[in-house]
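What follows is each chain in one-letter form.
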Protein chains: 2
Amino acid sequence: MAAADETLGSLGEGAILRGIFPRLPDAASALLGPGDDAAVVAAPDGRFVVTTDTLVHGPDFRLAWSGAHQLGWKAAASNLADVAAMGARPTALVVALVAPASTPAAWLEALADGLRDGCATLAPGCGVVGGDLSVSDQLTIAVTAFGDLDGRDPVLRSGARSGDVVAICGELGLAARGLALLFARGVDADGHPDARAAAGLRPEFDRELDAQLAPQPPIASGVAAARGGATAMMDVSDGLALDARRLAEASGAVLDLDSAAVGSPLALTGGEDHALLATFPPDVPLPSGFRPIGRVHDGSPGLRVDGRPFDARGGWDPYADWDGGVG
Amino acid sequence: MAAADETLGSLGEGAILRGIFPRLPDAASALLGPGDDAAVVAAPDGRFVVTTDTLVHGPDFRLAWSGAHQLGWKAAASNLADVAAMGARPTALVVALVAPASTPAAWLEALADGLRDGCATLAPGCGVVGGDLSVSDQLTIAVTAFGDLDGRDPVLRSGARSGDVVAICGELGLAARGLALLFARGVDADGHPDARAAAGLRPEFDRELDAQLAPQPPIASGVAAARGGATAMMDVSDGLALDARRLAEASGAVLDLDSAAVGSPLALTGGEDHALLATFPPDVPLPSGFRPIGRVHDGSPGLRVDGRPFDARGGWDPYADWDGGVG
């Protein structure tokens, strides 16, 4: 454990990395881990799945609300969800971290612990095989994640067919409710993000805050869906409405959702759910954890709710929605 | 081509990506390219090599000196060099870009062109299979690169043995000379990075500036070295002295360099060469492009020059050397 006054700037990259490496999760797939010019990862399938997603201080998180452990967890979880959405088993991560020189070493260690605990809980066997540490005023966490298809075809967004059942696995709207709570009540008298105010929302809103700050996407259900015959699948990260429309357009079909099955309006338009949206042929049983929320039809590609075209955007768009605050 | 007044903020992520995707280099290894939750990349070897390296505005580049095309090129080149240093053939990249909302769309397109031209020149067949675009005040380019070992063992830093020849492939000191020229003469009267002053250094210093701003690491020589029996290899990015010391320590051996063969003092301590440092058994011919610069001996692990211990650090350390300027 680093001393309280040690920072990225005072210790330097080498010492920081020596403190972080032992805390990072091992990957069962790592044939060569961190420390050389590159890592070597097993790809027994002869292919690998790869995705990258970045968390940026300001548009993606506030330090008054997210602790280092939660950020490490969320950076892992959001990338693992994209691997799972292909029907793949997550095998490894690499992490490019940009942090201010004043960042305490103990904070970086807690971030590493969050990566470890996120992997251990959501995708046992997946670990960190490499990374890069840079200094800058703006805290940024770029994760790239890998998965193995175990010989299966990847499950694309484009495979939904008329007659398929639309199904969801995971919570909808809870993460958006958590974010709304933070913006409304996790702030000081001037409206700025405030750690004490946010802490006051617990334990009443534990589930909402955890869904937003340290989400638990149903990673193992991605492989289960692929094995269960899913025709299309995607990670719902920008709100169900926006992502369902994307799947509909990629498949050239209509997705018609049943509002009663979806739940609240926030379930339809809230972001960062990291639920799995999938379509299945009508004659197969839905894998454990999936519940039906609609049907696929022929027609002009797009989203309908209860049979009516649904054009509201929903979701979180940092280009449109970020107010420039960091906190 | 985007209109002059179109920016990341005005166009939004979707429109920007539609403009960038067609400009990005295709990867021969891409079984599924950008546009789904994740890409799928061929790994015929059953393993893949992976490395990640980030360029941050300020410590790693100044916009007054580096154009978008050069930045795209350099982001590709620095990562391809790490793949090559394992003895692997680069197959694919993913790119996580964080840019201010005010960034012109045409600038982002030029960055994509630089990625394309860098891949086409340095590693034909390698291309971009995915990415992420985020908005933030600080421009950051995080690239993750992949390679295939074609059935060979990776060439580690730890394999140098007593009696081996130390050899280098690529230019030493030229990139550091380019950076020194920019800091000395590529500035305005107040010492701030200045595009016009930097342009005035061309054509007299084309080679030095290109080595710094758009380097051409000897990527194909990585595979050639592996095939030619290299016992250890690494990318020289932090200065020959610092990196040779790392290789010596990883191998538990002495690297003794011949100063006359190395060249100028800047060749020993300058950074960002992206040359390949390798060791070869004494009885094998050096692959084309490699020249001998020293020998490996038994002894207390470390670096010597002309038989004397060499402890100067050399190289560029953003934690110690960055003055906080951006330009």
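Cut-offs used in this document
Every chain's residues receive numbers from 1 upward, in the order its sequence appears when written. Think of it this way: whatever chain is written first is A, whatever ligand is written first is 1, and the rest follow in order. Per-residue local features of the predicted model are confined to residues with pLDDT of at least 70, and side-chain atom pairs are confined, for both listing and counting, to 80 or more; whole-chain, interface and lining totals are unaffected and use all residues. By convention in this description, side-chain values take in all heavy atoms of the structure and omit both hydrogens and water. For the least-squares superposition of copies, only C-alpha atoms count, and only for residues with pLDDT at least 70 in both. Residue contacts are counted whenever heavy atoms from the two residues lie within 4.5 Å of one another. Once two parts are joined, some of their accessible surface, as seen by a 1.4 Å probe, is lost; buried area is that loss totalled over both. Salt-bridge detection follows one rule: a side-chain nitrogen of Lys or Arg within 4 Å of a carboxyl oxygen of Asp or Glu. We call two N or O atoms a polar contact when they sit within 3.5 Å, provided that within protein one can donate a hydrogen and the other can accept it, with sequence-adjacent residues counted only if both atoms are side-chain atoms. Axis lines are fitted through C-alpha atoms, for helices just across the contact stretch, and the angle between N-to-C directions can take any value from 0 to 180 degrees. In DSSP terms, a helix is any run of H or I states spanning at least four residues, a strand is any run of E spanning at least two, and both are numbered starting from the N terminus. Relative orientations are named as follows: roughly parallel for angles under 35 degrees, roughly antiparallel for angles over 145 degrees, roughly perpendicular for angles from 65 to 115 degrees, and oblique for any other angle. Two helices that cross are described as forming a left-handed crossing if the nearer one is turned anticlockwise from the farther one by less than a right angle, and a right-handed crossing if clockwise. Categorising residues by exposure relies on relative accessible area from a 1.4 Å probe, with only protein chains included: less than 20% of the type maximum marks a residue as buried, more than 50% marks it as exposed, and the intermediate range marks it as partly exposed. UniProt positions are given in the numbering used here, feature names are shortened, and annotations may be inferred rather than shown by experiment. Here a pair means two rings of Phe, Tyr or Trp (six-membered ring of Trp) with centres within 6.5 Å. Their orientation is stacked below 30 degrees between planes, edge-to-face above 60, and tilted elsewhere. Two strands pair under a simple rule: DSSP has to find at least two bridges between them.

1. Observations concerning the relation of the copies chain A and chain B
Once chain A has been moved 0.0 Å along the axis and rotated by 180°, it coincides with chain B to within an RMSD of 0.0 Å. The symmetry that links the two subunits is that of a two-fold axis. By C-alpha distance to the rotation axis, the residue of chain A lying nearest is G46 of chain A, at 2.4 Å. Comparing contact sets, 100% of the residues at the interface of chain A also lie at the interface in chain B, consistent with an isologous, same-surface contact.

2. Details of the interface of chain A and chain B
Contact residues are listed per partner, giving 55 residues for chain A and 55 residues for chain B. Here chain A meets chain B over a buried area of about 4400 Å², counting both sides, of which 62% is carbon and sulfur. Here chain A and chain B share four salt bridges between them. A salt bridge links R157 of chain B to D37 of chain A, with the shortest nitrogen-to-oxygen separation between them at 3.4 Å. The interface formed by chain A and chain B contains 19 residue pairs in polar contact (both at pLDDT 80 or more).

3. Section: the packing of helix α1 (residues 8–20) of chain B against helix α3 (residues 105–122) of chain B
Residue and element names in this part refer to chain B. Orientation of α1 relative to α3, taken along the N-to-C sense of each, is 30°, at an axis distance of 10 Å. Judged by the inter-axis angle, α1 sits roughly parallel to α3. For α1 against α3, the interelement crossing comes out right-handed. Together, L8, L11, I16, G19 and I20 of α1 and A105, L108, E109 and A112 of α3 make up the contact between the two elements.

4. Some thoughts on the side chain of Q138 of chain B
Within the secondary structure layout, Q138 of chain B lies in the loop between β5 (127–135) and β6 (140–148). Each residue touching Q138 of chain B, except ones within four places of it in the same chain, is listed here: S136, D137 and Q138 of chain A together with V56, H57 and V98 of chain B.

5. Some thoughts on the pattern of salt bridges
Residues and elements named next belong to chain A. In this structure the tally under the stated criterion is 32 salt bridges over all chains. Between E109 and R23 there is a salt bridge, and its shortest N-O distance comes to 3.4 Å. Taken together, the positions of E109 in helix α3 (residues 105–122) and R23 in the loop between α1 (8–20) and β1 (30–32) put the pair 86 residues apart, joining distant regions of the chain. With respect to burial, E109 and R23 carry one shared label: buried.

6. Side note on the UniProt feature "binding site: Mg(2+) 4" (unreviewed entry) in chain A
When the UniProt feature table is mapped to this numbering, "binding site: Mg(2+) 4" (unreviewed entry) covers D37, T51 and D82 of chain A. A maximum C-alpha distance of 26.5 Å among these annotated residues, which run over 46 residues, shows that they spread across the structure rather than meeting at one spot. Take T51 of chain A: it is sitting in strand β3 (residues 47–56). By relative accessible area, T51 of chain A is classed as buried at 6%. With near-sequence residues (within four places) excluded, T51 of chain A lies in contact with N79, D82, V83, V143, T144 and A145 of chain A together with D37 and A38 of chain B. Here D82 of chain A lies in helix α2 (residues 68–84). When neighbours within four sequence positions are excluded, D82 of chain A is seen to be in contact with T51 and D235 of chain A together with D37 and A38 of chain B.

7. Section: the environment of F48 of chain B
Relative to the helices and strands, F48 of chain B resides in strand β3 (residues 47–56). Sequence spacing of F48 of chain B and D150 of chain B is 102 residues, and the spatial spacing of their C-alpha atoms is 9.6 Å. When near neighbours in sequence (up to four residues on either side) are disregarded, F48 of chain B contacts A39, V40, V41, A42, A43, F48 and F146 of chain A together with F146 and G147 of chain B.

8. Points about the packing of aromatic side chains
We describe a pair of aromatic rings using the distance from one ring centre to the other and the angle between the two ring planes. For the structure on display, the rule yields ten aromatic pairs over all chains. On the basis of an interplanar angle of 75° and a centroid distance of 6.0 Å, the ring pair of F48 of chain A and F146 of chain A is categorised as edge-to-face. Of this pair, F48 of chain A sits in strand β3 while F146 of chain A sits in strand β6 (residues 140–148); the two residues are 98 residues apart in sequence, bridging distant segments of the chain. Like F48 of chain A, the residue F146 of chain A is buried in the burial classification. Taken together, the aromatic side chains of F48 and F146 of chain A together with F48 and F146 of chain B make up a single cluster linked through ring pairs.

9. Examining the sheet that holds strand β11 (residues 290–297) of chain B
All names here are of chain B. The strand order β8-β10-β7-β11-β9-β12-β13 describes an open sheet built from seven strands, whose pairing is mixed. Pairing within the sheet leaves two strands with one partner each, and these edge strands are β8 (232–236) and β13 (308–309). Where strand β9 (residues 254–257) and β11 come together, four bridges link them in antiparallel fashion. By the bridge assignment, V254 is partnered in β11 with H297. Here helix α7 (residues 220–227) sits on the sheet in contact with β7 (165–169), β8, β10 (275–280) and β11, set at roughly 5° to β10.

10. Concerning the pairing of strand β12 (residues 302–305) of chain B
For a regular strand, side-chain orientation follows a simple rule: the groups alternate between the two sheet faces. All names here are of chain B. By the bridge criterion, four bridges tie β9 to β12 in an arrangement that is parallel. Counted as the bridge partner of L257 is V305 from β12. Bridge count between β12 and β13: two bridges; the pairing is antiparallel. Bridging across to β13, R304 finds its partner in P309. Hairpin connection, β12 to β13: the antiparallel pair is bridged by two residues, and D306 has positive phi, about 55°.

11. Things to note about unusual backbone geometry
Residues and elements named next belong to chain A. Omega for the bond connecting R202 with P203 falls within 30 degrees of zero, at 0°, which places this linkage in the cis form. By secondary structure assignment, the location of P203 is in the loop between α5 (195–199) and α6 (206–213). Of note in this structure, D150 is not a glycine but carries a positive phi near 50°. Of note in this structure, D306 is not a glycine but carries a positive phi near 55°. Examined against the element boundaries, D306 turns out to sit in the loop between β12 (302–305) and β13 (308–309). Given a relative accessible area of 37%, D306 falls into the partly exposed group.

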